[in-house]
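# Structural characterization, general
Listed below, chain by chain, are the residues.
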Amino acid sequence: MPPDVPPTCPECGRPMTFAGFLLSLREDDGKRACRGGWKCGAGHVWWNWADRPDEPVERCPHPQLFRG
């Protein structure tokens, strides 16, 4: 579930909207986990691990997965 207060875009400072979940393989522990996708009004797409909400968002290398 996305947080109550959405993150702001690290690149332009605009508020981001939740774009959905994507199941992914996490390299550090070998587990499958969901990434939450976020996008801002300027078209920047970021993601983070859904089960690690306190970690910062990272630039998404596959932004087309969250276009809709």
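A few points on the structure. (Residues numbered from 1 in each chain as written. Predicted model: local features only at pLDDT ≥ 70, side-chain atom pairs only at ≥ 80, totals over all residues. Heavy atoms only, no water.)

## Considerations on the nonpolar core
For the record, the criterion: Residues enter a nonpolar core if they are buried and are Ala, Val, Leu, Ile, Met, Phe, Trp, Tyr or Cys, with the set joined through side-chain atoms within 4.5 Å. For each residue, the accessible area found with a 1.4 Å probe, counting protein chains only, is set against the maximum for its type, and the residue is called buried under 20%, exposed over 50%, and partly exposed in between. Contacts are assigned to residue pairs that have any heavy atoms within 4.5 Å of one another.
Listed in full, the six residues of the largest apolar core are Cys9, Met16, Trp38, Cys40, Trp46 and Val57. Sequence-distant contacts of Val57, that is, excluding residues within four places in its chain, are made with Pro7, Pro10, Met16, Trp38, Trp46, Trp47 and Asn48.

## Considerations on the pattern of salt bridges
Keep this limit in mind: By definition here, a salt bridge exists when the distance from a side-chain nitrogen of Lys or Arg to a carboxyl oxygen of Asp or Glu is within 4 Å. Counting from the N terminus, the helices are the DSSP runs of H or I reaching at least four residues and the strands are the DSSP runs of E reaching at least two.
If you walk through the whole model with that rule in mind, you get eight salt bridges. Between Asp29 and Arg26 there is a salt bridge; the shortest N-O distance is 3.2 Å. The exposure class assigned to Asp29 is partly exposed, which follows from its relative accessible area of 32%. Linking Arg26 and Asp51 is a salt bridge whose minimum nitrogen-to-oxygen distance equals 2.8 Å. Taken as a pair, Arg26 in the loop between strand 1 (16–25) and strand 2 (32–40) and Asp51 in the loop between strand 3 (45–49) and strand 4 (58–59) lie far apart in primary sequence, 25 residues in all. A relative accessible area of 5% places Arg26 in the buried class. Residue Asp51 is classed as partly exposed on the basis of its relative accessible area of 47%. Because the salt bridges share partners, they merge into one network encompassing Arg26, Asp28, Asp29, Asp51, Arg52 and Glu55.

These figures come from the coordinates and say nothing about function on their own.
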